[in-house]
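Here's the letter readout for the chains.
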Amino acid sequence: MAAVTSVVTTSTHNNAPVTARRSSIHAPLMLTHSPKPDHERVRIHHSDDDDDNHGDDHNGHNDDTENGDKKPDRRSILWRRVAWATAALVALVLIGLVAGPRSSSTPSSVPTNNNLAVLEDANNITVLDANDADPKPLAIPSPAVPPTPSPTVVAWDPYAAIGREPGNLEPLASKAAPRVPPLKLKPGILAVPVAALSVTTLAPVLDVFRAAGFAVYLFHWDGAAGVAAWSAAWPAYANVTSTIVLRQSKFWYAKRFLTPAVVQAYESVWLWDDDVALDSLHVTEGQWDPLIFVEIMRKYALAIAQPALSAGVRPYKQGDVVRWQPPAPGDGTIGRLTNFAEVMFPVFSAAAWRDCVWESIPWDGHAYWGLDLVWYPHCATAGHCRMAVVDAMPVQHLDTKSFSQSTAEHIVEMNAFLDSFKAVCAQWKASPNATASDAVATRLDHECAYLDHVQADFFASLRTLDTLDATWAADLQQCPQSEAWAGIPNRPW
């Protein structure tokens, strides 16, 4: 049986008419130009390989009647054109059903440029302009078909094998990624700046943390000599992470090497000086265990905490807050909620480190005095308003001053740091029309008001933290100074 060809010729006004031809219902669509633009022509005829009996015109009719003596009347021509146009439309609809819908970005009509060529295959039709090397998809009308609900498909990530896992400092045992089995969340990471002289006193502390499943990160500020001393004196040195940068302090290291992306696999960040000893003698129960400290922080939703100092308290205003206060027997006291935790031995929840602490650390500094003065207001406005000094687990500050500068230099650095925060607040207050997101504006309003209000008496113990206060322990969204942080609830772990 001969294949049926559909031809549609439409008037293009000033341009030559375009004829769309498909040799069969599944064949590619062809575009040609009619040599006779004198009037609209619509015909359905057989392809060139049809029988001779069919002739050139279907049913033996010729629209032009150019060689005949009798021309059909206008009404006959009109009805004939309507009939053939309807048939052509049906053919195009069938073509659309077979070809399928096209993207909504395709053009709504066929270009009528005289320099057109066609690139064809069975499922894709592209019009190529001779003056433009970029192919243009040809839009084929398709009927409005209701969409068929598709089953739920799980997105496939072809690059999952080379994506990074949650940030950590653990080497790959298999020497290949991804890690199998995946790395488990660790309770914390202890990072300490060290020198050759600190290995004797600090190594026992590190052993306690490693036994509890913590990661250890050492910052060598005294270079190769310190590395050699630690390698020789501490057998576990080969199993911890270390970085060497001469004459830099722990917050300088932390800003660069303990970014929020790096510490995702740790529940807490411990950033301690190297002149510390665990005071097991005054621990409320059992031995000094960092896992118990993390559990205290989690239970009371503490964002920042420090162990109380049972020795080595410096004669500064914050001394009364950080000094160990022995609990009365049987009263269940754990510690005190405060508005201050000192830079010597702070412990941060992973969320507080991510949301507010890390961003508050300047890129460059030395002792970073003054940093601990802004943690409370800056983190409280981010939803981390609970800070504490934990008396149940004190430490001794040995105060060896292995890496120090004069107090006068510390004060200059502290004032410069606080001035940067004051400048932000001054600019915010001086620009009532300044735009900021609602969250940022709320943070600035509360933080600046607090810093203005508490300059005189900044360091304070706000209330006791004890196991008998069931109401306080249960409502983990309470801030100790709720009037200062109105509308900002604390975020539990």
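Note that the structure is predicted; figures quoted are calculated from it, not measured. (Residues numbered from 1 in each chain as written. Predicted model: local features only at pLDDT ≥ 70, side-chain atom pairs only at ≥ 80, totals over all residues. Heavy atoms only, no water.)

## Some details on the state of the cysteines
Here is step 1 of the chain: Going through the model one piece at a time under the given rule, you end up with 3 disulfides.
Here is step 2 of the chain: Covalent S-S linkage joins Cys356 and Cys379, the inter-sulfur distance amounting to 2.1 Å. Negative torsions about the S-S bond denote left-handed disulfides, and the value of about 100° found for Cys356 with Cys379 makes this one right-handed. With Cys356 in helix α7 (residues 350–360) and Cys379 in helix α8 (residues 371–380), the pair connects residues that are 23 residues apart, well separated along the chain.
Here is step 3 of the chain: For Cys379, a relative accessible area of 1% corresponds to the buried category.
Here is step 4 of the chain: Here Cys385 engages in a disulfide with Cys479; their sulfurs sit 2.0 Å apart. Disulfide Cys385 to Cys479: torsion about the S-S bond roughly -95°, handedness left-handed. Here Cys479 lies in the segment after α11 (470–474) and Cys385 lies in the loop between α8 and β16 (387–397), a separation of 94 residues in the sequence. (Disulfide = S-S within 2.5 Å. Helix = DSSP H or I, 4+ residues; strand = E, 2+ residues; numbered from the N terminus. Buried < 20%, exposed > 50% of the residue type's maximum accessible area, 1.4 Å probe, protein only.)

## Some thoughts on the packing of aromatic side chains
Here is step 1 of the chain: Counting across every chain of the model gives 27 aromatic pairs.
Here is step 2 of the chain: Ring centres of Phe348 and Trp353 lie 5.3 Å apart, and the angle between their planes is 50°; this geometry places the pair in the tilted category.
Here is step 3 of the chain: Look at Trp353 and you get buried, because its relative accessible area is 0%.
Here is step 4 of the chain: Through successive ring pairs, a cluster of aromatic residues spans Phe209, Phe214, Trp270, Trp272, Trp288, Phe293 and Phe345.
Here is step 5 of the chain: One cation-aromatic arrangement involves Lys255 over Trp358; the distance from NZ or CZ to the ring centre is 3.9 Å. (Phe/Tyr/Trp six-rings, centres within 6.5 Å; stacked < 30°, edge-to-face > 60°. Lys NZ or Arg CZ within 6 Å of the ring centre and 35° of its normal.)

## A word on the pattern of salt bridges
Here is step 1 of the chain: Inspection of the entire model under this criterion finds 11 salt bridges.
Here is step 2 of the chain: Across the salt bridge formed by Asp320 and Arg323, the nearest N and O atoms sit 3.0 Å from each other.
Here is step 3 of the chain: Asp320 sits in the exposed class, given a relative accessible area of 56%.
Here is step 4 of the chain: Owing to a relative accessible area of 36%, Arg323 belongs among the partly exposed residues under this scheme.
Here is step 5 of the chain: Its salt-bridge partner being Arg443, residue Glu359 comes within 3.7 Å of it at the nearest N-O pair. Of this pair, Glu359 sits in helix α7 while Arg443 sits in helix α10 (residues 438–453), and the two are 84 residues apart along the sequence.
Here is step 6 of the chain: One connected set of salt bridges, linked through shared partners, spans Glu267, Glu295 and Arg298. (Salt bridge = Lys/Arg side-chain N within 4 Å of Asp/Glu carboxyl O.)

## Some details on empty space enclosed by the protein
Here is step 1 of the chain: Here the structure, examined in full by the defined rule, presents 2 cavities of 30 Å³ or more.
Here is step 2 of the chain: Empty space within the second largest cavity amounts to approximately 30 Å³.
Here is step 3 of the chain: What lines the second largest cavity is Leu309, Val313, Arg314, Tyr316, Gln318, Gly319, Val322, Glu342 and Met344.
Here is step 4 of the chain: Here the residues of the lining of the second largest cavity are counted per class, giving 5 nonpolar, 2 polar and 2 charged. (1 Å grid on protein atoms, 1.4 Å probe; cavity = no way out; pocket = protein on both sides within 12 Å on 5 of 7 lines; lining within 4 Å. Points joined across faces, edges and corners; volume = space filled by probe spheres on them. Nonpolar A, V, L, I, M, F, W, Y, C, P; charged D, E, K, R; others polar.)

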